[in-house]
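# What the coordinates show
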Amino acid sequence: MRKIKIQFKLNHNDIVVETFPNRRLLDLLRDDLNLTGTKEGCGIGECGACTILINNKAVNSCLILAPEVDGKEVLTIEGLSSNGQLTTLQENFLKYGAIQCGFCTPGMVLSAHALLIKNSQPIEDEIKDAIAGNLCRCTGYKQIIEAIKATVKS
Amino acid sequence: MINFDSIKHVRGESQFVYDFIPFEKVLYAYVFYSPVAHGIIKKINLDNALGIPGVRYIFTYKDITGENQVGGIIQDEVLLAENEVDFIGQPIALVVADNFLTAKHAAKLIKCDIEELPSIFDPREAFQKGSLIIPPRVFSLGDVDEAWKECDVIVEDRVESGSQEHLYLETQGSIAFPVENEGIKIFSSTQNPTGVQRVAARVLNMPMNKIEVDVLRIGGGFGGKEDQATHWAVLTAMAAKKLQTAVKLILPRQEDMRITGKRHPYSTDFKIGLKKDGKIVAYEVTYYQNAGAAADLSPAILERTLFHTTNSYYIPNVRATAISCKTNLPPFTAFRGFGGPQAMFVMECALYKASQVLGIDYHQLQKINLLKDGDEFPYGQRAENCRAKVCYDSLEKIYKVDEVKGRIEKFNNQNRFIKKSYSIMPVCFGISFTTTFLNQASALVHVYTDGSVSISTAAVEMGQGVNAKLINIASRVFSIPPTRIKLETTNTTRIANTSPTAASKGSDLNGFATMEACQAILKRLKKLAATELKIEDENQIEFKDEVVYCKGEKTDLTWNKIVQKAYVNRVSLSAHAFHATPGLYFDRDTSKGHPFAYHVYGTALIEVTVDCLRGTYKLDSVQVVHDLGETLHPVVDKGQIEGGIVQGIGWMTMEEIIYDKRGKLITDSLSTYKIPDVYGAPEKIEIHFLENAPNDFGPFKSKAVGEPPFMYGIGAFFAILKAMNVFRPGLEIKFIAPMTHERVLMTLYSEVKEKVRL
């Protein structure tokens, strides 16, 4: 198999990488680009730990092949806060205790972020829908919902 | 108060073993495991696998230089199978290659001829065939045989509770590498660093001081990484030693689910006798614990089942027998509650069934029999500062249970197929390792010359917020802001002989040790301040918000200044403290003693709505009054309670572990095994911390929090059952958990002999 060249915007910067066409986007991000904030929880698109944004939509990076992002915009958790400044959403995750072990957190935050891009005033059901694909084994979700709600209010 | 690690988590900066690459060159390992549940290994051929480019080495038991033994309590578990395999998933070989995919591919090419032998999967069958892990254990109180005569009503039944996968989001993993002086350093995702170190030393035939285990944080544990993280860590250590390079092993989710142990399934018989007024007179119970193919922690889990036989109730005559049955399934292991939930579920089943026979409301029966001060547990300890009743009464008052009842009755009268119900679940959980010697911890505290503080303890941070609590404790003792304190990794070179972070004891044990180390330093600083301020009595010195006070008056001395002065005056700014929980003892021959430092109490109210046509249900709310003592960290504690509840509900409702007839796990991925997602969690959760409830046995009067809330989830089972009973009064009930949607439907309709009158 030959490597192919792909070009995309990663966390607001243009990049060009060479990768095998069968490489998972998750592996490209983690192993080749050293962006380990994106986690693998199940590898079959069920847990949402590897959630990233492609063109502002939340997707599971374990189900996407790297070449699929050619020409697109990718946002990972590392690109969310600009100049080290946390977003209000991130601040609220801290404030409301929406984090325990932290392994699901990057995916959870990005799913919520994608929702807020599309819909700045979601109701609770829309919030739940947005994170229904993200599993958390620690919190029980309530504090996560509260954190997102508080962001909506502000 | 913000949890210590959260800022890094929310930025994706926090590292787990899985993220960690300490060297440019790391080899990757993959486990080749038994495809049959029981058999003799006839021949193993590695040639094809070794022929794959990039494969560096394949380890079998023959490569083990020390003892091929990972068993903790009982030495009955090999690291790599020798001649016999005892369960599907048992590791046989470890393939090490340049990258993960090569290792995985090569493992598929290993040829292993195994002659299958008959297997046992059912614990009762194992018991009948004499396949036991340890001889049966019995706890007794009073005289059960005599007591039956006094009973007006005697009820018997059988209860089945299912297994549960931990599903820590970060799967098991380890990375090990050689260090100088022929040492090995291991970064492991473990709750038990010393356990890893001890077993690695045994398997590699090295002294423990040449093995350093370091744990930065783990992505969830729940007990699953107490004993069963060891295998992977030791395998990487063995490979790193032999190949003299870093070796990483991360179990993919499916392998993790197939190979590693889960919560013990139990099959139980109970017999309960009561007076007409509802007072329980006698309770006899026999638990058949499915332990799987090796002891692991099963004997200790079995014991905790016995300790929690009567839950939150007083029963004067009890005989509880627990049998740990050896089967051909992956060894079952610790999981939040550690055998306690299994016992408490049976107790509630007994009360529920008795309530139906007696015609007394189930919750009335609970109240009549609640534990009070001075009551004796079947293990000889007496209830002290018992908060069973105050939690139950507060719950009824705060959440207006009478109104809830009325509202539900009204709804049910107006709805034919949709039924609502509620259940109340009291919990009483003993705090301490029941293996007394494990109740020890140490802390190492350094104050640096700039006034910043570093703390090392035996506690592993796994999301439960122990680091935040320890920082809180140090911050209160020194009266400096939490931002000046750093919690170090859990490391066996800094803190030796650690007990696992388990039994909900992490904050208590390490909290006390931290407190004592900080107090030792503070005492020296006070003495120095007294000298500096030219007063005799150092007790008149106080530290408040980084300022030194003398006789209540502010002085010019600050935290930073006094620390500097201490250094210049050659006063030690470091302390190591050791803490052992006082007053604990337990005699395993008589099964009597004082095994717990204290008990945690609480009560939950659970409301559900069941669609009795479809069998589906939803959890409307869980409202709790919980005894935390004086909370060390409200945000962390609230999170622990809520998370525990949802996990407990998962165990009782949707999480179903299914093996096929050959002992192969069918529910081996997240597409077939379901844990609560945001919709599986209750719509509403409210937590009320019991007020005015200091605890003399916890740091700063606090109580442990980790495990007890899990058991509130048991209430979900009975809330659903009650709703089913409203829909079909007289429905024959089988106590089988989890109560999945499928089971609700099958229970409501599968045994219908005549047409249901709808």
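Everything quoted here is computed from the prediction, not taken from an experiment. (Residues numbered from 1 in each chain as written. Chains lettered and ligands numbered in written order. Predicted model: local features only at pLDDT ≥ 70, side-chain atom pairs only at ≥ 80, totals over all residues. Heavy atoms only, no water.)

### Topic: the domain arrangement of chain B
Residues and elements named next belong to chain B. As assigned here, chain B comprises domain 1 (4-118 + 166-259), domain 2 (266-433 + 590-749) and domain 3 (440-580). In this complex, domain 1 contributes 20 residues to the contact, which on the side of domain 3 involves 20 residues. Roughly 1500 Å² of surface becomes buried between domain 1 and domain 3 when both sides are summed, with 52% attributable to carbon and sulfur atoms. Between R494 and D214 there is a salt bridge, with the nearest N and O atoms lying 4.0 Å from each other. (Domains from an automatic or database assignment. Contact = heavy atoms within 4.5 Å. Buried area = accessible area lost by both parts, 1.4 Å probe. Salt bridge = Lys/Arg side-chain N within 4 Å of Asp/Glu carboxyl O.)

### Some points on the sheet that holds strand β1 (residues 26-33) of chain B
Residue and element names in this part refer to chain B. If you trace the eight strands from one edge of the open sheet to the other, you get β3-β5-β1-β12-β9-β10-β11-β20, paired in mixed fashion. Each having just a single partner strand, β3 (55-59) and β20 (490-491) make up the two edges of the open sheet. Here strand β9 (residues 173-179) pairs with strand β10 (residues 183-188) via six bridges, running antiparallel. Within the sheet, the bridge partner assigned to I175 lies in β10 and is F187. Contacting β10, β11 (211-215) and β20, helix α6 (residues 193-204) crosses the sheet at an angle of about 150° to β11. Against the sheet, helix α7 (residues 230-243) makes contact with β1, β3, β5 (91-97), β9, β10 and β12 (246-250), and its axis sits at roughly 30° relative to β9, the strand it touches most. (Pairing = 2+ DSSP bridges. Helix = DSSP H or I, 4+ residues; strand = E, 2+ residues; numbered from the N terminus. Axes fitted to C-alpha atoms, helices over the stretch in contact; angles between N-to-C directions.)

### Comments concerning helix α18 (residues 714-727) of chain B
Spanning 14 residues, α18 of chain B covers 21 Å between terminal C-alpha atoms, matching the ideal 20 Å at 1.5 Å per step. Most of α18 of chain B sits inside the fold, with 13 of its 14 residues counted as buried. (Expected span 1.5 Å × (residues − 1). Buried < 20%, exposed > 50% of the residue type's maximum accessible area, 1.4 Å probe, protein only.)

### A word on the environment of V608 of chain B
Residue and element names in this part refer to chain B. Locating V608 in the fold gives a position in strand β27 (residues 598-611). For the pair V608 and K420, spaced 188 residues apart in sequence, the C-alpha separation works out to 5.6 Å. If we ignore the near neighbours within four places in the chain, the residues touching V608 are K419, K420, S421, K618, L619, D620, A719 and I720.

### Brief notes about the pattern of salt bridges
For side chains of opposite charge, pairing can occur when their charged atoms come near one another. Residue and element names in this part refer to chain B. Counted under the stated rule, the structure contains 49 salt bridges over all chains. The closest approach of N and O atoms between K618 and D620, which form a salt bridge, is 2.8 Å. Using a relative accessible area of 43% as the deciding quantity, one classes K618 as partly exposed. One salt bridge in this structure joins K684 and E686, with 3.5 Å as the shortest N-O distance.

### A short note on unusual backbone geometry
Residues and elements named next belong to chain B. Along the chain, A737 connects to P738 via a cis peptide bond; the corresponding omega equals 5°. The residue D296 is not glycine, and still its phi comes out positive at about 45°. Within the secondary structure layout, D296 lies in the loop between β14 (280-292) and α9 (298-307). At F338, a residue that is not glycine, the phi angle is positive and equals roughly 55°. Looking at where F338 falls in the secondary structure, it is placed in the loop between β15 (317-326) and α10 (340-358). Overall, the relative accessible area of 13% leaves F338 in the buried class.

### Considering the packing of helix α17 (residues 634-653) of chain B against α18 of chain B
Residue and element names in this part refer to chain B. Where α17 contacts α18, the axes come no closer than 7 Å and their chain directions differ by 50°. As the angle between them shows, α17 and α18 are arranged oblique. When α17 is examined against α18, the residues I649, W651, M652 and T653 are found in contact with a partner set consisting of I714, A716, F717 and I720. (Parallel < 35°, antiparallel > 145°, perpendicular 65-115°, else oblique.)

### Considering the sheet that holds strand β4 (residues 84-85) of chain B
Residue and element names in this part refer to chain B. Across the sheet, three strands lie side by side as β4-β2-β6; this open sheet has antiparallel pairing. The sheet is open, and its two borders are formed by β4 and β6 (111-116), each paired with just one other strand. As paired elements, strand β2 (residues 39-45) and β4 share two bridges and run antiparallel to each other. Within the sheet, the bridge partner assigned to I40 lies in β4 and is E84.

### A short note on the domain arrangement of chain A
Interface size is often expressed as the accessible area that is lost when the parts come together. All names here are of chain A. Domains assigned within chain A are domain 1 (4-78) and domain 2 (88-153). Taking only C-alpha atoms, the centre of domain 1 and the centre of domain 2 are 21 Å apart. The interface is formed by 15 residues belonging to domain 1 together with 13 residues belonging to domain 2. With both sides pooled, the region where domain 1 packs onto domain 2 buries about 1100 Å², and carbon together with sulfur makes up 68% of that total. In terms of surface lost to domain 2, no three residues of domain 1 exceed K39, T51 and I77, which account for 38% of the buried area on that side. Among the elements that line the side of domain 1 that touches domain 2, the one with the most residues is strand β3 (residues 51-54), at three residues. Each residue belonging to the side of domain 1 that touches domain 2 can be placed in one class, and the counts come to seven nonpolar, five polar and three charged. (Nonpolar A, V, L, I, M, F, W, Y, C, P; charged D, E, K, R; others polar.)

### A few points about the interface of chain A and chain B
The interface is formed by 45 residues belonging to chain A together with 50 residues belonging to chain B. Summing both partners gives a buried area of about 3800 Å² for chain A against chain B, and 57% of it is carried by carbon and sulfur. Where chain A packs against chain B, one counts six salt bridges. Across the pair E683 of chain B and K128 of chain A runs a salt bridge whose closest N-O atoms are separated by 3.9 Å. There are 19 residue pairs in polar contact (both at pLDDT 80 or more) connecting chain A and chain B. When residues of the side of chain A that touches chain B are traced back to their parent elements, those giving at least two are α2 (88-95), α3 (105-118), α4 (124-131) and α5 (142-153) of chain A. A per-class count over the side of chain A that touches chain B returns 20 nonpolar, 14 polar and 11 charged. (Polar contact = N/O pair within 3.5 Å; in protein donor to acceptor, adjacent residues only side chain to side chain.)

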